[in-house]
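What follows is the residue order along each chain.
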Amino acid sequence: MALLEVRNLSKTFGHHTVLDGVDFDLEAGQIKSVMGPSGCGKSTVLRCINRLVEPSAGTIVFDGKPVTAARSDLLAIRQRIGFVFQNYALYRHLTVIDNVTLALRKLRRLSPRAAADRAGAELRRLNIDELAAQYPAELSGGQRQRVAIARALAMDPAVLFFDEPTSALDPIMAREVGGIIDRLRRDNVTVLCVTHDFELARTISDSIVFLSGGRVRAEDSGDRLANDYGDPHIRDFFTKGRTSP
Amino acid sequence: MNLSATILPELVSSAPEILRGLWSTMGLATAITLIGVVGGILVFYLTLSPVPLVRRLVQGYISLLIGTPLLIILFLIYYGLPPLGIRLSPLVVALIGFGFNVSAYNARFLTTAYNALDPSEREAAAAQGFPPAQVFRLITLPQTLKLSMPALTNQAIQNVKDTSIVFLIQFTEFFSQMQEVANRTFRFLDSYVATGIAYLLLISIVSIIARMIERRLSVPGLEP
Amino acid sequence: MNLAEIFLTLLRGATQTVIVTILCSLTGLSVGLGIAIARRLGLIWLEPLFVTFIYVFRGVPMLVLLFIAFFGLPSIGISVPGHVAMMGSLGLIAGAYLAEIFRGALAGVQHEEVEAALAAGFTRWQALISIEIPQMLRMAVPSMVNEFTTVLKYTPFAYTVGIPEIMKQATAAVSTTLQGVEIYAMAGVLYFVIYRLMLVCVRLADRHFTIPGLSSI
């Protein structure tokens, strides 16, 4: 059974249908990207899975537990899904180390020392341990993103969600993100990445879910998607619509 | 509580005094506001003095007046001076005490606005050959006043509320007339609640007028 | 009684002044925080109550509210001690102003950070306590303290309800010695010193708690 099963996921905001019956699976250890033109509902997929946005219809099963059931233990499920936001969403009033330890202390109930040890290990893994005492406002965009990744990884999540990890970075930093995610693969971290950046998706992903008009148009490797795919939505994307997120 | 069945007749029979009190309150608040604006501009002008000693003294004055309760100044003048042979009427004491106090607050509002202004416009005027006094009158003051308008109108609203303390120096205004009603009828709660409602209405009207003035005087690009 | 002795009685009154200031500030802080939190949690059915409360307590003069509490309520059988009357007037006024200050500061808390906390498995309440309230308080410090100094400057009216603070001691001394100028000047200096001490404490705290990227409102 897959770690994450998304079935017939739909979301409408008012009269606007953003997701219209999305299906895909994510296996443990797999790195998968969700791609598509802007406004195709990519980010909404992530937010529906942990119910930051309430799905209009469909079922989501995470690690054998139904997320969409009325009585699901949503908070426990969210603790097992690491979320790296597009703008990183670091807590501005906390130092880097406190950003990483907050959930460990408040949710895992670790002692301050144990939390600091755990957080320190994550900061070292991402090569940012020397930033521990800084505040988010003092960091560059790339550094903030690493803190956000460390914050998510510190909770030992079963899967890590990335929402547009390259959209707020310059091209050089953007390539570095691919390197970071690639290194996570060696640590056997499961990743679901929403992006409009085909280069990133192609380098990191085992497979890519192509979303357009709220529907899954194809799921395949990056190379095969790029090379003259039959579906017009995909062909359009690769011939013209690849510029904006 | 049934207001109409309790003190309404008393309010009606005391209407002339109450209205006179209301009139005094409004008159006093208006006078204080005008004195406060003129005094505030004067004090603000002195904070820009080229003489360091003057600036230091004026800053001390502002700080002291803002850091001391208004009631102390009123009592010092009203109860402190007569033994020294200086006997002033409650009205004069109120005008002096409030005048000093409100001028200090207004000067600080003007300073805050002044610090937010772009100095290059003053420099441009000076470069054109305007003497300092004209730069102040034609550029600095109008810009500062417009930028600090919300703070100044809030102070005017505060003035209306604060006039309710002058009965403590024997000045007869609205609140003291209502205390008369309370003492005569022994209906303290009704009288004071009625007083509160009246102030609320008064403050609402003054606030609406203040916002209208603010809108009338607003200049694009000089919004606070 | 010479002026030195009078100064000592004023100093004793200063203790009461500080107590009244703290009581009223704490009342205001609790009410202001309560309203800010309820609003943030989206308890919109309480909104008419908050709007009315803020409108009334920012519109009616403090002395009138004090008289309602201290002289008005006993006439219907509810006796109110002086300190409680001060909290019910000056304290609640501070609460009304602080509620608006906190509303402004909360608007500076970024929605993304709250969303990040929820995504990490925080409850709405935990996110409020760990993220929103600390940031809000940090941003609101200068305006908040400004409100507390305003409370201090309105405490002299406590003498009208018999609390033996600076003003009460001063008026008592003046009535026996007639040295009004000296005594009220001393009282004024005492208030000024307390006021400056509050500002110094804040400046120290402000420097100590400075956080890059979180500016005061």
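Residues numbered from 1 in each chain as written. Chains lettered and ligands numbered in written order. Predicted model: local features only at pLDDT ≥ 70, side-chain atom pairs only at ≥ 80, totals over all residues. Heavy atoms only, no water.

Engineer: Before we go on, may I ask you to explain the pattern of salt bridges in this structure?
Structural biologist: When their charged atoms lie close together, side chains carrying opposite charge are able to pair. Across all of its chains, the model carries 27 salt bridges over all chains by this definition. With a closest N to O distance of 2.5 Å, R146(A) and E176(A) form a salt bridge. Linking R146(A) in helix α5 (residues 141-153) with E176(A) in helix α6 (residues 171-186), this pair joins segments that are 30 residues apart in sequence. A residue is classified by how much of its surface remains accessible, and R146(A), at 12% relative accessible area, is buried. Residue class for E176(A) comes out partly exposed when judged on its relative accessible area of 34%. Here E10(B) makes a salt bridge to R184(B), at a shortest N to O gap of 3.1 Å. With a gap of 174 residues between them, E10(B) in helix α2 (residues 8-13) and R184(B) in helix α10 (residues 174-185) connect regions that are remote in the sequence. (Salt bridge = Lys/Arg side-chain N within 4 Å of Asp/Glu carboxyl O. Helix = DSSP H or I, 4+ residues; strand = E, 2+ residues; numbered from the N terminus. Buried < 20%, exposed > 50% of the residue type's maximum accessible area, 1.4 Å probe, protein only.)

Engineer: When you look at unusual backbone geometry in this model, what are you seeing that I'm missing?
Structural biologist: Negative phi characterises most residues that are not glycine, and trans characterises most peptide bonds. Residue E164(A) is not a glycine yet carries a positive backbone phi of 45°. Tracing the chain through its elements places E164(A) in the loop between β7 (159-163) and α6. The backbone phi angle of F186(B) is positive, close to 60°, even though this residue is not glycine. Here F186(B) shows up in the loop between α10 and α11 (188-217).

Engineer: Would you mind going over the sheet that holds strand β8 (residues 191-194) of chain A with me for this structure?
Structural biologist: The strands making up a sheet associate through hydrogen bonds between their backbones, and the pairing can be parallel or antiparallel. Residue and element names in this part refer to chain A. In space, the six strands of this open sheet follow the order β6-β7-β8-β3-β9-β10, with mixed pairing throughout. In the strand order of this sheet, the two ends are held by β6 (81-84) and β10 (215-220), each with one partner. Neighbour-to-neighbour, the strand axes of this sheet turn through a mean angle of 20°, independent of strand direction. Examined bridge by bridge, strand β3 (residues 31-35) and β8 share four bridges and lie parallel to one another. Paired with S33 across the bridge in β8 is C193. Across the sheet, helix α1 (residues 42-49) is in contact with β3, β6, β7, β8 and β9 (207-212); its angle to β7 comes to roughly 145°. Across the sheet, helix α9 (residues 232-239) is in contact with β3, β9 and β10; its angle to β9 comes to roughly 100°. (Pairing = 2+ DSSP bridges. Axes fitted to C-alpha atoms, helices over the stretch in contact; angles between N-to-C directions. Contact = heavy atoms within 4.5 Å.)

Engineer: Would you explain the nonpolar core in this entry?
Structural biologist: What tends to happen in soluble globular proteins is that the nonpolar side chains get buried as a cluster. Counting 192 residues, the largest nonpolar core has I49(A), L160(A) and M86(C) as the members making the most contacts within it. Filtering out sequence-adjacent residues up to four positions away, M86(C) remains in contact with V20(C), C24(C), M62(C), L66(C), G91(C), Y154(C), T155(C), A158(C), V161(C) and I163(C). One finds M35(A), L225(A), I234(A) and F238(A) within the second-largest nonpolar core, a separate group that totals ten residues. (Core = buried A, V, L, I, M, F, W, Y, C linked by side-chain atoms within 4.5 Å.)

Engineer: Would you explain the interface of chain C and chain B in this entry?
Structural biologist: By a frequent convention, interface size equals the accessible area lost on bringing the separate parts together. Taken together, the contacts link 35 residues of chain C with 36 residues of chain B. Roughly 3000 Å² is buried in total at the junction of chain C and chain B, and carbon and sulfur atoms are behind 75% of that figure. At the boundary of chain C with chain B, the tally comes to zero salt bridges. Along the contact surface separating chain C from chain B lie nine residue pairs in polar contact (both at pLDDT 80 or more). (Buried area = accessible area lost by both parts, 1.4 Å probe. Polar contact = N/O pair within 3.5 Å; in protein donor to acceptor, adjacent residues only side chain to side chain.)

Engineer: What is the right way to read the sheet that holds strand β5 (residues 65-66) of chain A from this model?
Structural biologist: Residue and element names in this part refer to chain A. Ordered in space as β2-β1-β4-β5, the four strands form an open sheet in which the pairing is antiparallel. The sheet is open, and its two borders are formed by β2 (16-26) and β5, each paired with just one other strand. Bridge count between strand β1 (residues 4-13) and β2: eight bridges; the pairing is antiparallel. Across the sheet, residue V6 finds its bridge partner in β2, namely F24. Contacts from α1 reach β1, β2 and β4 (57-62) within the one sheet, and its direction differs from that of β1 by about 115°.

Engineer: Hey, could you run me through the environment of K153(C) in this one?
Structural biologist: With respect to the helices and strands, the residue K153(C) is situated in helix α6 (residues 124-154). When the C-alpha atoms of K153(C) and L23(C) are compared, they prove to be 14 Å apart, with 130 residues separating the residues in sequence.

Engineer: I keep staring at α6(A) and nothing clicks. Help me out?
Structural biologist: The periodicity of an α-helix, 3.6 residues per turn, causes residues three or four positions apart to be oriented the same way. All names here are of chain A. For α6, with 16 residues, the first-to-last C-alpha span of 24 Å sits near the 22 Å given by 1.5 Å per residue. The inward-facing, buried residues of α6 abut β3, α4 (112-125), α5, β7, β8 and α7 (198-204). Measuring from the side-chain oxygen of the N-cap residue of α6 to the backbone nitrogen of I172 gives 3.1 Å; that N-cap residue is D170. Just past α6, the residue N188 takes up positive phi, approximately 65°. (Expected span 1.5 Å × (residues − 1).)

Engineer: I would appreciate a short explanation of a nonpolar patch on the surface in the present structure.
Structural biologist: Residues and elements named next belong to chain B. The grouping of I205, I209, I213 and L217 at the surface amounts to a nonpolar patch, some 340 Å² of accessible area in total. In this fold, L217 is placed in helix α11. According to the relative accessible area criterion, L217 is partly exposed, its value standing at 37%. (Patch = residues over 30% accessible without salt bridge, like charges linked within 9 Å, V, L, I, M, F, W, Y side chains within 5 Å. Areas by Shrake-Rupley, 256 points an atom, 1.4 Å probe, with all protein chains shown as cover.)

Engineer: Hey, could you run me through the interface of chain A and chain C in this one?
Structural biologist: Each side of the interface is counted separately: chain A has 25 residues, and chain C has 25 residues. Interface of chain A and chain C: buried area, both sides summed, is about 2000 Å²; carbon and sulfur atoms make up 62% of it. At the surface where chain A touches chain C, the tally comes to two salt bridges. For R47(A), the salt bridge identified is with E115(C), shortest N-O distance 2.9 Å. Listing elements by their share of the side of chain A that touches chain C, those giving two or more residues are α2 (74-79), β6 and α3 (96-106) of chain A. Looking at side-chain class alone, the side of chain A that touches chain C contains 14 nonpolar, four polar and seven charged residues. (Nonpolar A, V, L, I, M, F, W, Y, C, P; charged D, E, K, R; others polar.)

Distances and angles like these do not, on their own, reveal function.
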